[in-house]
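What the coordinates show
Residue-level listing of the chains:
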Amino acid sequence: MTDMNRRNMLQAAGAMTVGAVAGCATPGVAGNAARTAFNVPATTIPVSGTDEMFPVRRIYCIGRNYAAHAREMGSDPTREPPFFFQKPTDAIQNVAPGTLADHPYPSLTRNYHYEVELVAALSRGGSNIPIERALEHVYGYAVGLDMTRRDLQRAMGDEKKPWEIGKSFDRSAPIGPLHRVANVGHFTNGAIWLKVNGQVRQNATLNHMIWSVAEQVARLSLANELFPGDIIFSGTPENVGPVVRGDRIDCHIDGLPDLSIRIV
Ligand code: MN
């Protein structure tokens, strides 16, 4: 390490300490130098072809982003602006390609649904990001599952209560490794499908999205400042449905390795 680099690092460390004391730009986030009462594990996703992990900051999910799925959920896809919800970061369940990961059937539900989705991961943040520059913020893509306690989601919706218990629970976001845009490009077309026990249940193409990934990044950045580490579940096609213990789910998006789990 050169003296110059060492000096820059020391200055950066000093700045972080000051940030922890004086408060930083992001509410609720202390500098890295802050001493904490105990450690909370960070959530990361493996980056394919590297020994690096992608650090997850927030998980955003778009609702009803394929017209036929919007209709099956009882809404009119032509008149609704996009809406987003979040899952807790530690809802991630990493699944290595070529493995069949055990995925526990969650508590409280009797109607547990799969939703296969393309996941976009950001390495650059910002506010009011223009659509034509939005894809510059995307670091990579993965295959993900937005697992859903459908009965609880519907019941809460009927009562005009938050969806949270239906969407934002432990291990509700199984995901494959991230593939960098530098290697795989962007995903605007291609097949997306899901099988249960070898039978095709969902089968569409990514260009059936109502709001593209670029549009989702732009829209989200109007509501919240986006940061590196944010990931976006980009919505599921039609024909969502239930699984029970013992079922095997295989998910596919052209250009990415399949994601497979078994419900246990
Ligand atoms: Mn979804």
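Remember, predicted model here, so these are calculated numbers, not experimental data. (Residues numbered from 1 in each chain as written. Predicted model: local features only at pLDDT ≥ 70, side-chain atom pairs only at ≥ 80, totals over all residues.)

Time to look at the overall build of the protein. The helix and strand tally for the protein stands at 7 helices and 18 strands. For the protein, the residues scored as buried account for 33% of the 264 residues in total. (Helix = DSSP H or I, 4+ residues; strand = E, 2+ residues; numbered from the N terminus. Buried ≥ 20, exposed ≤ 12 C-beta atoms within 10 Å, placed from the backbone.)

All of the buried residues in helix H7 (residues 213–223) are Val 213, Ala 214, Gln 216, Val 217, Ala 218, Leu 220 and Ser 221. Turning to H7, the residues buried within the fold contact strand E3 (59–62), strand E4 (84–87), strand E8 (116–122), helix H3 (131–134), strand E9 (138–145) and strand E15 (231–233). (Contact = placed C-beta atoms within 7 Å.)

Before going further, it helps to examine the sheet that holds strand E6 (residues 101–103). Sheet architecture is open: 5 strands sit in the order E6-E18-E17-E13-E14, paired in mixed fashion. Single-partner strands in this sheet number two, and they are E6 and strand E14 (199–205). Taking the axes of each pair of neighbouring strands and ignoring which way they run, one obtains an average angle of 20 degrees across the sheet. Bridge count for strand E13 (residues 191–196) against strand E17 (residues 248–253) is 5 bridges, and the pairing is antiparallel. Counterpart to Leu 194 in the pairing with E17 is Cys 251. (Pairing = 2+ DSSP bridges. Axes fitted to C-alpha atoms, helices over the stretch in contact; angles between N-to-C directions.)

To continue, consider the sheet that holds strand E7 (residues 112–114). If you walk across this open sheet you meet the 3 strands as E10-E7-E16, and the pairing is antiparallel. The sheet is open, and its two borders are formed by strand E10 (148–149) and strand E16 (241–243), each paired with just one other strand. Examined bridge by bridge, E7 and E10 share 2 bridges and lie antiparallel to one another. Across the sheet, residue His 113 finds its bridge partner in E10, namely Thr 148.

Relative to strand E18 (residues 259–263), E6 is paired through 3 bridges, and the arrangement is parallel. Opposite Asp 102, over in E18, you have Arg 262 as the bridge partner. Bridge count between E17 and E18: 4 bridges; the pairing is antiparallel. For Ile 249, the partnering residue across the bridge sits in E18 and is Ile 261.

By size, the foremost hydrophobic cluster in this structure holds 54 residues, and its most contacted members are Val 119, Ala 120, Ala 121 and Ala 142. If you tally residues by element for this core, the top one is E8, at 6 residues. Not counting residues within four places of it along the chain, the set of residues in contact with Ala 142 comprises Ile 45, Val 119, Ala 121, Ile 175, Gly 176, Pro 177, Leu 178, His 179 and Leu 256. (Core = buried A, V, L, I, M, F, W, Y, C linked by C-beta atoms within 7 Å.)

Turning our eyes to something else, we now look at the pairing of E8. Residues in a regular strand point their side chains to alternate faces of the sheet. Taken across its 7 residues, E8 has 7 buried, putting it largely inside the fold. Sheet analysis places E8 next to E15, joined by 3 bridges and oriented antiparallel. Each residue of the ladder has a partner; that of Ala 121, found in E15, is Ile 231.

This part takes up the environment of His 252. Counting through the fold element by element, His 252 comes out in strand E17. Distance in space between the C-alpha atoms of His 252 and Lys 195 is 8.6 Å, their sequence separation being 57 residues. If we skip the residues at most four places from it in the chain, His 252 touches Ala 191, Trp 193 and Asp 258.

Per-chain confidence: the protein averages 90 in pLDDT, with 88% of residues scoring 70 or above. Contacts of residues 1–24 to residues separated by more than four positions or lying in other chains number 15 contacts, the stretch itself having pLDDT below 50. (pLDDT = per-residue confidence, 0-100.)

Another point: the environment of Asn 65. When you line up the elements, Asn 65 lands in the loop between E3 and helix H2 (67–72). Measuring from C-alpha to C-alpha, the distance between Asn 65 and Pro 82 comes to 7.4 Å, with 17 residues separating the pair along the chain. Setting aside chain neighbours within four positions, we find Asn 65 in contact with Pro 82, Met 209, Ile 210, Trp 211, Ser 234 and Gly 235.

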